[in-house]
Amino acid sequence: MRLALAQAQVAGAAGEVPVGAIVVDAKGAVIGAGFNRTISDHDPSAHAEIVALRQAAAHLQNYRLPGASLFVTLEPCAMCMGAMLHARLDRVVYGATDPKTGACGSVLDLPALRQLNHQTSVVGGLLADECGALLRDFFRERRRDRLL
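What counts, and where the lines are drawn
- Residues numbered from 1 in each chain as written.
- Predicted model: local features only at pLDDT ≥ 70, side-chain atom pairs only at ≥ 80, totals over all residues.
- Heavy atoms only, no water.
- Helix = DSSP H or I, 4+ residues; strand = E, 2+ residues; numbered from the N terminus.
- Rg over C-alpha atoms; globule rule 2.2 N^0.38 Å.
- Contact = heavy atoms within 4.5 Å.
- Areas by Shrake-Rupley, 256 points an atom, 1.4 Å probe, with all protein chains shown as cover.
- Axes fitted to C-alpha atoms, helices over the stretch in contact; angles between N-to-C directions.
- Parallel < 35°, antiparallel > 145°, perpendicular 65-115°, else oblique.
- Salt bridge = Lys/Arg side-chain N within 4 Å of Asp/Glu carboxyl O.
- UniProt positions renumbered as here; feature names shortened; annotations may be inferred.
- Core = buried A, V, L, I, M, F, W, Y, C linked by side-chain atoms within 4.5 Å.
- Buried < 20%, exposed > 50% of the residue type's maximum accessible area, 1.4 Å probe, protein only.
- Left-handed = near helix turned anticlockwise from the far one by under 90°.
- Nonpolar A, V, L, I, M, F, W, Y, C, P; charged D, E, K, R; others polar.
- Pairing = 2+ DSSP bridges.
- Right-handed = clockwise from strand over helix to strand, strands pointing away.

**Details of the overall build of the chain**
- Each helix and strand counted, the chain has 5 helices and 5 strands in total.
- Listed N to C, the secondary structure of the chain is α-β-β-α-α-β-α-β-β-α in terms of helices and strands.
- Computed over its C-alpha atoms, the radius of gyration of the chain comes to 15 Å, within 12% of the 15 Å expected for a compact globule of 148 residues.
- Expressed as a percentage of contacts within the chain between residues at least 6 apart in sequence, the contacts between residues at least 24 apart total 55%.
- Carbon and sulfur atoms make up 56% of the accessible area of the chain, which totals about 7,900 Å².

Okay, here's the thing in structure tokens:
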């Protein structure tokens, strides 16, 4: 998760919402990393998780990532969780919950749907305070800048 936090800091420094993600294979090697790029890429799908999944898939030359785990600083949205399920990830670990768009229990709970053809285990709350603080500080600064 510390590597995902480092990615999130890169996003924040670039003016993007500070969310970062990494994908590790079954042996623990990092095979993908990403941070939010929606603004800079003019791409609504360029969330940290999607960027990291694309990199991992390119690395393995396979769109399926069995045995892999994704670590992300913020609870995934429905789009990202859907992509993770299609990638056949074994595990998703996130930091802070997202009460507005979280799809791992906060708003929706996609991993709990047994009708889906793949099940991915999800663990939330890893370094949640640090992940949440990074987001709160970013938005506090953005609100402050608008008042100046």
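Resuming the write-up.
**Section: the packing of helix H1 (residues 2–13) against helix H5 (residues 128–147)**
- For the pair H1 and H5, the least separation of the axes is 11 Å and the interaxial angle reads 5°. In this view, H1 runs roughly parallel relative to H5, as classed from their interaxial angle. Residue-level inspection shows Arg2, Leu5, Ala8, Gln9 and Gly12 of H1 in contact with H5, the latter providing Glu130, Cys131, Leu134 and Phe138.

**Some details on the pattern of salt bridges**
- Counted according to the given criterion, the structure contains 5 salt bridges.
- The salt bridge partner of Glu130 is Arg2, with a shortest N-O separation of 2.6 Å. Taken together, the residues span a long stretch of sequence, with Glu130 in helix H5 and Arg2 in helix H1 at a distance of 128 residues.
- A salt bridge links Arg144 to Asp145, with the nearest nitrogen and oxygen atoms 3.0 Å apart.

**Points about the UniProt feature "active site" (unreviewed entry) in the chain**
- Per the UniProt annotation, the sites labelled "active site" (unreviewed entry) are Glu49.
- Mapped onto the elements, Glu49 comes out in helix H3 (residues 48–60).
- Each residue touching Glu49, except ones within four places of it in the same chain, is listed here: Val19, Ala21, Leu70, Val72, Leu74, Pro76, Cys77, Cys80 and Met84.

**A word on the nonpolar core**
- The biggest cluster of nonpolar side chains holds 37 residues, and the ones touching the most others in it are Val23, Leu53, Leu65, Leu70, Met81, Met84 and Leu89.
- Broken down by element, this core gets its largest block of residues, 5 residues, from H3.
- The contacts of Leu70, once residues within four sequence positions are left out, are Ala21, Ile22, Val23, Glu49, Leu53, Met84, Leu89, Arg91, Val92 and Val93.

**A short note on the packing of H3 against helix H4 (residues 78–86)**
- At a minimum axis separation of 9 Å, H3 and H4 run at an interaxial angle of 20°. Between H3 and H4, the interaxial angle falls into the category roughly parallel. The hand of the H3/H4 crossing is left-handed. Two secondary-structure elements touch here, H3 through Glu49, Ile50 and Leu53 and H4 through Met79, Cys80, Ala83 and Met84.
- Looking at the contact of H3 with H4 residue by residue, the class counts come to 6 nonpolar, no polar and 1 charged.

**Some remarks on the environment of Gly34**
- Along the chain, Gly34 falls in strand S2 (residues 30–35).
- As for Gly34 and Ile22, which are separated by 12 residues in sequence, their C-alpha atoms are 6.3 Å apart.

**Remarks on the pairing of strand S4 (residues 91–96)**
- Judged by how many residues are buried, S4 sits mostly within the fold: 5 of 6 residues are covered.
- Sheet analysis places strand S3 (residues 69–74) next to S4, joined by 5 bridges and oriented parallel. Looking across to S4, one finds that Phe71 is bridged to Val93.
- The β-α-β motif built from S3, the intervening H4 and the parallel element S4 has right-handed crossover chirality.
- With 4 bridges connecting them, S4 and strand S5 (residues 121–124) associate as parallel partners. Along S5, the bridge assignment pairs Arg91 with Ser121.

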